[in-house]
Amino acid sequence: MNWPTSASRLASVSLFAVSLLGLATGCEKASDLGLELPGTSPITASYLDLPVTASTVRQQPVETVKADHILVGRVRDSFVGTTEASGFLNLLVISSDTVPSTFTALRLDSAVISLPFDQIYGSAAQPLRLDLKDLQQPLDERAVYNSASTVATGTSLLTNFEAPLNRNRLVKQRVASGNSGDTTTTVTTTLVPDRVVRIRMQKYPATSTLANSVFTALKDGTPSQSKLDAVWKGLALQPSAGHLGSIAGFTSNTSANVRFYYTGTSATGKVRTRQYRLLLAHGLSTVPGKYFTQVNTDLSGTALAGLTTPQSTLPPSATNGFTYAQEGTGLATRIEFQGLDNLRNNAELAINRAELLIPVKQFSNGLFSYPNGLYLYEVNSANQVLTRTVGATVAERMVQQEGLDRNGARLTPTRTDFPVVASIPAGQDPVQYYSVSITEYLQAYLQNRLDGELPSGLILSPVLRANLSLGLSRAQLDANNIKLRVYYSKLR
């Protein structure tokens, strides 16, 4: 982002302040930074690295209700400890599905719970071992659920079910070859990953009894949610007591369902085989349905064990020089810029760009993949996220993107609808750092134009609560080398 010299005093830096702070500096040609603009006086371009202090903070609870994944399993990690996740779901009637009421001599052939997944944390070599339980009551649409919520479970339906995570299946494909008018079709088979956990309810006594009860309750031609809730109030998916080694992320969509396959005689006297579905509550459904993931991370025995209360922090000296930012667990990194007071009210130098550089511990993504990005929340000294009232809505304050929005309006640091994300620059192999431009935010901070309380720090978190994503991706950050790099020009 470039400005003419006469208009580039966004904020300024004292050369004396730079030397006083003993900051790392460098020089680049103005043309390399794109600062030589027509009609402007010659300028020189340099940069300085402002120090940043960092610490690990734990923000709990985590929003998991109606997220894009449901996590189930248990995994142990030497850095963070043991993380356990369980899913709790309502079930939904689909009135448009074929129902058995149009048939006589009905017989339930089978019922299958299908749970598609696309995330595995830990090892896929061993099966995920699950317990299935009924809920005592359906999840309340008006209640608030999060990662710390608990609900009462009822009947134990299945214990220690082994769900393979590395199974493959053969798929047949028809391939046409040859010229027009002279083609042949060849049937080939391809081995593809089978990423669906299937639980055949008729194989086990308790789930077979439940399947027959549901089928009986809904076969009269007037299926309803109340009839379903009377016999099946909800489903709990929990890791079995002895399971340790993996957590699966089940996708929340219409592929997560219970299919009932049945045989009946039609009005014409023909025997037909049909099916209908119940949906597991998911984020795409237009029918109200509640679900959430309960996540608990036991930090005992690790360097993070000192994070005993919500909003508590640990310096990097207590965590081997690293800080953490992880989805699902509430772990995040608090940063505070040093020396910003020395960037105010000086006309000798002009800031052209400010960039936050966040190095990671290389090759630390073996168990948990790196997050796609880190969001920057403005917080006070107690690590509470600051808020801003926009109309009738109270929104969390986050560092915003720079430039124009989709309507051509300029994005400002006081908006709340375009949060910026620190991302991994393309081409890094292995991954070395995240980076993000915060030029306009720094300008607004220095000139006290943030419209409200000045934050005492920023929290770097992989979670953007507005988009309802849920996973366990994690970054270990090299806390002692996080820096704010400020490119400036000396006006001559």
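Because the structure is predicted, anything quoted here is derived from the model rather than measured.

K.L.:
Let's hear about the pattern of salt bridges: which residues, and what values?
P.N.:
Taken as a whole and judged by the stated rule, the model has 18 salt bridges. One salt bridge connects Asp49 with Arg485, and the closest N-O pair in it is separated by 2.7 Å. One end of the pair, Asp49, is in strand β2 (residues 43-58); the other, Arg485, is in strand β28 (residues 483-491), with 436 residues separating them in the sequence. Its relative accessible area of 10% is what places Asp49 among the buried residues. Where Arg169 meets Asp194, a salt bridge forms, and the shortest distance between an N and an O atom there is 3.9 Å. Residue Arg169 is found in strand β9 (residues 168-179), and its partner Asp194 is found in the loop between β10 (182-193) and β11 (196-200); the two are separated by 25 residues along the sequence. Members of the salt-bridge network, linked through shared partners, are Arg167, Arg169, Asp194 and Arg198.

K.L.:
Describe unusual backbone geometry, with residues and values.
P.N.:
For the peptide bond that leads from Gln60 to Pro61, omega is 0 degrees, which places it in the cis range. Residue Pro430 is reached from Asp429 by a cis peptide bond, and omega for that bond is 5 degrees. For Pro430, the position within the fold is in the loop between β24 (421-422) and β25 (433-437). For Phe363, which is not a glycine, the phi torsion comes out positive at approximately 60 degrees. Along the chain, Phe363 falls in the loop between β20 (349-359) and β21 (374-379). Under the relative-accessibility criterion, Phe363 is labelled exposed at 64%. Even without being a glycine, Asp451 presents a positive backbone phi close to 55 degrees.

K.L.:
Explain the packing of aromatic side chains to me, and be specific about the residues and the numbers.
P.N.:
Per the counting criterion, the structure on display carries eleven aromatic pairs. Summarising the aromatic geometry, the rings of Phe88 and Phe292 are spaced 5.2 Å apart at their centres and angled 20 degrees between planes, so their arrangement reads as stacked. Placement of the pair is Phe88 in strand β4 (residues 81-89) and Phe292 in strand β16 (residues 291-298), with a sequence separation of 204 residues. When sorted by exposure, Phe88 lands in the same class as Phe292, which is buried. With a centroid separation of 6.1 Å and an interplanar angle of 75 degrees, the aromatic rings of Phe103 and Tyr262 are classed as edge-to-face. Of this pair, Phe103 sits in the loop between β5 (91-93) and β6 (104-122) while Tyr262 sits in strand β14 (residues 257-265), and the two are 159 residues apart along the sequence. Each member of the pair, Phe103 together with Tyr262, is buried. Grouping aromatic residues by their ring pairs yields a cluster made of Phe103, Phe215, Phe260, Tyr262 and Tyr276. It is Arg353 that lies over the ring of Tyr487; its NZ or CZ is 4.2 Å from the centre. Between the NZ or CZ atom of Lys361 and the centre of the ring of Phe322, over which it lies, the distance is 5.2 Å.

Criteria and thresholds
Residues numbered from 1 in each chain as written. Predicted model: local features only at pLDDT ≥ 70, side-chain atom pairs only at ≥ 80, totals over all residues. Heavy atoms only, no water. Salt bridge = Lys/Arg side-chain N within 4 Å of Asp/Glu carboxyl O. Helix = DSSP H or I, 4+ residues; strand = E, 2+ residues; numbered from the N terminus. Buried < 20%, exposed > 50% of the residue type's maximum accessible area, 1.4 Å probe, protein only. Phe/Tyr/Trp six-rings, centres within 6.5 Å; stacked < 30°, edge-to-face > 60°. Lys NZ or Arg CZ within 6 Å of the ring centre and 35° of its normal.

Note that all results are geometric; they support no functional claim without further evidence.
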